[in-house]
Amino acid sequence: MLAYVQIVSVPSADTPGACLMLHFDNRRYLFGRIAEGTQRTMVQRKVSLAKIRDIFLSGAIDWQATGGLLGVFLTLADLKAASAADLEQVNAKLRSRGKQDTKSVPAQLNIHGGKNLVHMLATARRFILRKALPVHPRELRHDPRSDESKAEPDYEDENIRVWSIPVSVTPLKPSASEPHSPKKRKLGPASDAEAESEQDLAEEEADQRIREAVVKDMFCSKWNLDTLREMKLKDVQLPAKIFIRNDQGHIEPYDGPDPSSSSCPDINVLVRLPWPAAKIERLPPTSPAQRSMCYIVKCHPRRGKFNVEAATKLGVVKTDFKRLTMGQSVPGADGTIVTPDMVMGAQIDGRGFAILDIPFPDLIDPLLQRHEWSNPEIMKGIDTMYWILSDDITVSNDDRVQQFMKAHASIKHIILGSAMCPNVPGLESPTSQLIKMNGIDPQRFPLPVFDTKPRSDLDKELEPIAEVGRPGLQYQLAPRATFITDGVVPVMDTKRPIWELMTYAPQALERASAARNAIAAPSFLTEVEKSQHDLPSPETEIVPLGTGSAMPSKYRNVSATLIRVPGWGSYILDCGENTLGQLHRCFGYEGADEVLKDLRAIYISHLHADHHLGTVSVIARWRQLSLPADRKLAIIATPKYQDFVREVQSVQHLSGERLLHVTLRSTSGRPMPGTLTKTSFPDGVDPEALGLPRVEACFVDHCYEATAVVLTFPDTGLKIAYSGDCRPSATFAELGRGAHLLLHECTFEDELGGDALAKKHSTLSEALDVGRQMRARRILLTHFSQRYPKLPVINEAALGTEEEKESRDVDVLFAFDMMRLKLGEFKQAKAFLPALRELLQEGEKQEEEDEE
Ligand SMILES: [Zn+2]
């Protein structure tokens, strides 16, 4: 049997979390924090999620430790759905041949973690609707070993035994399974402060069952898109999807007067029932838990070696050997009884490791004082301790941690702390890409910010027993305990991309140099000045932070664009997973803080997870910055998303009073694509005084309540239109008429028009056509489904006739992650397109060769 635990991610801008994967032949386990960016790191490391059945979350249940979890679930659910569909195909074939179905693989996921785990998951019910993945959260709300004499694990399966160690500033209640003896109840007043009476306990249990039911429905529901219920129109509760049967008996969407209106006809309609989990308006209350979860994990002990010689000497017949190894006694010579201990070597302890997660300094003492660390029975076989530490905790300046390590000097201490691990580029592919693009056009593609030195050094004295964790480092548990460094990911050689550029793409460099000359020519500058003399705020900077579609991919992160308008502030348009990390890579930790100090609003176009899973951590970072107390951050979104942001605050501090919920509502109760939204600011708010432009939006054809937005800045008239995901929208084109900047999705190239229609996205030409109708001056296309970054070919006809183009001075560019583009410099950027095209074609060729 081969078993090993491998460091998958260490904290860096690419993922603030550290996580480990435990491998057995039959399945995998994840341990640690599943922070934002974890999944993208796995893509880069070629670590597959497919065999994961258990995730053990360490630390506190907050966004910092779990921000990447929902993305992982969605990917797993889609993987399972795909394999279920494959299986169904196989079964259909078998049935057609008159054979029986093959057995289906039970696909389920167990999530283990501390208080608020289920609540945290349930907050996502408005946007997670999957059917294929039964998720079983196992939230540990009590202390499984408040009785110090207990040494049994609280989780066990065929591979491992796990001791969960909840750590809290105040002691926790004993486990529910332990008898509530009066003595235990007197553990201290603080311990039972949260739920003192039997009635409170019963209520807590009932609340938890509601949350569990919600989570069950999110991932595994019998809900069916095709189930329609017939009822009177006047009885329909909005919002709901309403259909009617037309004269031919066909079902079509109903678009008549609302059920609540006086002109509501007395007819029967068909209503699609809402997703069950989405029906729960409000979750039972909870509050952020000041706790952390740590683990001790061990393989099962193995039986000792069977001594053939001794057994033969005792007269055991060969056929009884197996019975002895199975623990049975057998007859020996002269009627004696031979017991297993007479012929078996001593039991071999299972090897294991511990995870000590310290999310904030107050937990250091309670963690180090846990009795498990001094229990020889539990600690037997533990060779490694992984220390997951938050920003403000370093080993070098904490005497308690150092003393603890020295007291456990036979154990290797591996430190996975953001202050201890250098912020090296963890995603080599996009970093390499960006460095090469910097070699072509440094103005538009500044180098990413990274650091190969840790922010804090490890103490010399600890060097023999401690080290800073490196991704890929393996600790093998079986067949024998040893460290394996073969897979350790070397620190990226950031000079190599430049060497590759010079070696493989010299033509790209030649073209870049030609472009540099061209844009420096006085005639070019005069021409630029003339054609865009009326373009307001040319210094406005556009920074695409994520330009991919659906899932974080190798080269493109999920949707997010930062816009920085001089004199106004910064705005984030959609905020996909690890937008904060992309900001950190782009501007550095301190630079990103400066950008965030200017942040005035985050706009979320729709509830697909790839457009908003990064919002919570951006807000969390924003509230930590020293800003005037009256400074507000606007969240511009539909009511469902606002509800999510409000609800997540029961498990994560976000300074809710400083958030300004600018809600985009349907005026009729039905967000029909093509209708305008009503933008409501909280009472008494003057948007302009808060640095907010005029916000206008409309519903677009994509998913329920998807919107597109137009921001107009009153002083200069600067108009920015952003589409999110959608089919082309005439209303949006009208709303954005005369936009100086249009950011439009173009998920598919023109030949995939069918996909665009089916998946409710736009093709390249459709996006350009919206720009033409809008008479947009600068168009930046984003949200690509392609595997490698490339420059698609523009169908010039989609931009309009020659005359039209002549009359409106239009420029089109394609967005890349971490590009920095000024509104007034599209023409300069365009001059480098031939060089970029050359570079990307070369890159694609190399990628294909690598894959072969
Ligand atoms: Zn979408």
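In this text the structure is predicted, and so the values were computed from the model without any measurement.

1. Focus on the domain arrangement of the protein
When the parts come together, some accessible area is lost, and that loss is often what is quoted as the size of the interface.
Line of reasoning, step 1. Here the protein is partitioned into domain 1 (3-96 + 104-168 + 202-220 + 286-300 + 348-420 + 455-472), domain 2 (228-274), domain 3 (308-342) and domain 4 (535-819).
Line of reasoning, step 2. Centre-to-centre, using C-alpha coordinates, domain 1 lies 34 Å away from domain 4.
Line of reasoning, step 3. Of the roughly 2,700 Å² buried where domain 1 meets domain 4, counting both sides, 55% is carbon and sulfur surface.
Line of reasoning, step 4. When the buried area of domain 1 at its contact with domain 4 is split by residue, Arg40, Trp63 and Arg126 rank highest and sum to 27% of it.
Line of reasoning, step 5. Counting across the interface, domain 1 meets domain 4 through 3 salt bridges.
Line of reasoning, step 6. Taken together, the links from domain 1 to domain 4 amount to 14 residue pairs in polar contact (both at pLDDT 80 or more).
Line of reasoning, step 7. Those elements giving two or more residues to the side of domain 1 that touches domain 4 turn out to be helix 1 (38-45), helix 2 (63-66), helix 3 (69-96) and helix 4 (117-122).
Line of reasoning, step 8. Each residue belonging to the side of domain 1 that touches domain 4 can be placed in one class, and the counts come to 12 nonpolar, 15 polar and 7 charged.

2. Focus on the layout of surface pockets
Line of reasoning, step 1. Taken as a whole, the second largest pocket encloses approximately 1,300 Å³ of empty space.
Line of reasoning, step 2. Taken together, 46 residues make up the lining of the second largest pocket; nearest its centre are Gln64, Ser390, Asp391, Arg621 and Gln624.
Line of reasoning, step 3. Of all the elements in the fold, those that place two or more residues in the lining of the second largest pocket are helix 2, helix 16 (579-597) and helix 17 (615-624).
Line of reasoning, step 4. Here the lining of the second largest pocket spans two domains, and each of domain 1 (3-96 + 104-168 + 202-220 + 286-300 + 348-420 + 455-472) and domain 4 (535-819) adds at least three residues to it.

3. Regarding the coordination of the zinc ion
Line of reasoning, step 1. Coordination of the zinc ion by the protein is provided by His606 (NE2), His608 (ND1), His702 (NE2) and Asp725 (OD), with metal-donor distances spanning 2.1 to 2.3 Å.
Line of reasoning, step 2. Around the zinc ion, the 4 donor atoms are arranged such that angles at the metal cover 86 to 168°; this shape is classified as irregular.
Line of reasoning, step 3. As a motif over one chain, the donors of the zinc ion read H-x1-H-x93-H-x22-D. With His608 in the loop between strand 25 (599-603) and helix 17 and His702 in the loop between strand 29 (694-699) and strand 30 (707-712), this residue pair connects regions lying 94 residues apart in the sequence.
Line of reasoning, step 4. When its relative accessible area of 33% is taken as the criterion, His608 is described as partly exposed.
Line of reasoning, step 5. For His702, a relative accessible area of 11% gives the class buried.

4. Overview of the sheet that holds strand 7 (residues 155-156)
Line of reasoning, step 1. The sheet built from 7 strands is open, its strands ordered 7-8-13-16-17-18-19 with mixed pairing. In this open sheet, the two strands that pair with only one neighbour each are strand 7 and strand 19 (466-468).
Line of reasoning, step 2. Note that strand 18 (residues 412-417) and strand 19 share 3 bridges and pair parallel. Bridge assignment links Ile415 to a residue of strand 19, and that residue is Val468.

5. Quick look at the UniProt feature "domain: tRNase Z endonuclease" (unreviewed entry) in the protein
Line of reasoning, step 1. Annotation from UniProt places "domain: tRNase Z endonuclease" (unreviewed entry) at residues 6-68.
Line of reasoning, step 2. Taken as a whole, residues 6-68 contains 19% helix and 32% strand, while its terminal C-alpha atoms sit 19 Å from one another.

Conventions and cut-offs
Residues numbered from 1 in each chain as written. Predicted model: local features only at pLDDT ≥ 70, side-chain atom pairs only at ≥ 80, totals over all residues. Heavy atoms only, no water. Domains from an automatic or database assignment. Buried area = accessible area lost by both parts, 1.4 Å probe. Salt bridge = Lys/Arg side-chain N within 4 Å of Asp/Glu carboxyl O. Polar contact = N/O pair within 3.5 Å; in protein donor to acceptor, adjacent residues only side chain to side chain. Helix = DSSP H or I, 4+ residues; strand = E, 2+ residues; numbered from the N terminus. Nonpolar A, V, L, I, M, F, W, Y, C, P; charged D, E, K, R; others polar. 1 Å grid on protein atoms, 1.4 Å probe; cavity = no way out; pocket = protein on both sides within 12 Å on 5 of 7 lines; lining within 4 Å. Points joined across faces, edges and corners; volume = space filled by probe spheres on them. Donors = N, O, S within 2.8 Å, 3.2 Å for Na, K, Ca; no water. Tetrahedral: all angles 85-135°; square planar, octahedral: opposite > 155°, others 65-115°. Buried < 20%, exposed > 50% of the residue type's maximum accessible area, 1.4 Å probe, protein only. Pairing = 2+ DSSP bridges. UniProt positions renumbered as here; feature names shortened; annotations may be inferred.

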